[in-house]
Amino acid sequence: MTKQLPSVNVGVDVSKDTLDLYLLERDLLLHVPNDEPHISSLIKRLARYRLERIVIEATGRLEHAFVTAALTRGLPVVVVAPLKVRRFAEAVGQLAKTDAIDARLIARFAATLKPEAPPIADANAHLIKDLVVRRRQLTSLRTIEKNRRSVMPSAITPSIDRIIESLDRELAALEQLIQSAVEQHAPWRHKRDLLTSMPGIGPGVASSLIGDLPELGSLSRRQIASLTGVAPFNRDSGAFRGKRRIRGGRAHSRTALFLSAMVAIRYNADIKRFYKRLLAAGKHKKVAITACIRKIVTALNAMLRDNQPWRPSFA
């Protein structure tokens with residue numbers, strides 16, 4: 001009987017021009033150009049192996065071509081935050097840094113921590129994500145210009161106003177593109193309709209959550225609160241009992257939910273009642289708002305999980 005070879009963990013270090021890959025269980029290092037023809041050949045070669053996972057760092061979309069090709073072929077690719085790999089390098093005492101060393105390190109990270117590959121998203125889902133990111137970029141530019149307008153001399157004000165008007169037009173056009181993309185994708189359209197059934201969640205926030213928080217509806221309430229960054233974590237050691245604080249999570253999703261919470265504490269009767277009860281109990285306003293965000297995201301998670309529109313029992 002032929003002994004089956006172990007499954008392979010692959011680490012990929014990406015740069016603008018090249019990809020360095022290390023197949024840990026085969027002790028094989030590959031170096032290929034980061035362009036479409038070579039990526040296509042590389043994916044065909046990787047598909048011959050029994051892959052456990054391919055791990056690559058998020059590097060400002062330089063990894064996008066490889067990740068898209070791998071997902072299209074059905075390969076188990078996982079995009080991780082560079083900070084996680086850097087912390088792993090510190091933990092194992094890896095100080096030297098070259099592209100080949102980084103690829104080996106990422107492969108060790110993959111085999112040791114075993115990050116799970118997310119569900120494969122289709123092209124339309126990627127488009128929605130890209131549109132949401134672009135909207136966020138333009139919103140940030142608009143905020144910068146509005147802040148600049150309040151401190152610059154009046155002679156420059158017309159120029160700033162023209163930029164703001166241009167950004168407003170682009171944002172309006174982007175919002176139409178986002179809603180059109182959602183309309184053309186039945187699962188996302190249904191998800192948006194469920195999300196917006198909750199008072200305080202508008203189409204803009206719903207599309208942000210669809211793009212930035214695709215796990216919504218598939219996790220437990222503790223997991224979704226942690227992923228959003230509104231789960232309180234202990235700070236205890238020996239006899240010391242520290243304050244519980246939130247940390248980590250997806251900042252963009254948390255920002256969108258914060259805006260929804262500010263609306264919900266005024267117009268959603270259940271969230272408003274919950275918020276006032278916390279204030280009456282002596283909670284600080286920021287603590288109460290954070291608790292409302294956690295209440296909202298866990299309710300939204302339950303709504304998508306149960307495929308049910310908003311009802312007060314979700315709160």
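The structure we're discussing is the one just above.
In what follows, the accompanying structure is described. (Residues numbered from 1 in each chain as written. Predicted model: local features only at pLDDT ≥ 70, side-chain atom pairs only at ≥ 80, totals over all residues. Heavy atoms only, no water.)

1. Side note on the environment of Glu36
The residue Glu36 is located in helix H1 (residues 36-46) in this model. Between the alpha carbons of Glu36 and Phe66 there is a distance of 8.2 Å; along the sequence they are 30 residues apart. (Helix = DSSP H or I, 4+ residues; strand = E, 2+ residues; numbered from the N terminus.)

2. Thoughts on the packing of helix H7 (residues 186-196) against helix H12 (residues 285-306)
Pairs of packed helices are described in terms of their axes, by the angle between the two and the distance that separates them. For the pair H7 and H12, interaxial distance at closest approach is 10 Å and the crossing angle is 135°. When the axis of H7 is compared with that of H12, the two are oblique. The hand of the H7/H12 crossing is right-handed. Residues Lys191, Leu194 and Leu195 of H7 lie in contact with H12, whose contacting residues are Leu300, Met303 and Leu304. Its residues assigned to classes, the contact of H7 with H12 shows five nonpolar, no polar and one charged. (Axes fitted to C-alpha atoms, helices over the stretch in contact; angles between N-to-C directions. Parallel < 35°, antiparallel > 145°, perpendicular 65-115°, else oblique. Left-handed = near helix turned anticlockwise from the far one by under 90°. Contact = heavy atoms within 4.5 Å. Nonpolar A, V, L, I, M, F, W, Y, C, P; charged D, E, K, R; others polar.)

3. Examining helix H9 (residues 221-228)
Taken as a whole, H9 has its buried residues at Ile224, Ala225 and Thr228. Relative to the axis of H9, the buried residues are bounded by an arc of 100° and lie together on one face. Tucked into the core, H9 has its buried residues touching helix H10 (251-267) and H12. Positive phi appears at Gly229, one or two residues downstream of H9, with a value of about 85°. (Buried < 20%, exposed > 50% of the residue type's maximum accessible area, 1.4 Å probe, protein only. Arc of directions from axis to C-beta.)

4. Remarks on the pattern of salt bridges
Per the counting criterion, the structure on display carries 14 salt bridges. Taking the shortest distance from any N to any O, the salt bridge between Asp212 and Arg136 comes out at 2.8 Å. Linking Asp212 in helix H8 (residues 203-212) with Arg136 in helix H5 (residues 123-149), this pair joins segments that are 76 residues apart in sequence. Looking at Asp212, the relative accessible area reads 6%, which means it is buried. (Salt bridge = Lys/Arg side-chain N within 4 Å of Asp/Glu carboxyl O.)

In short, shape yes, function no, at least from these values alone.
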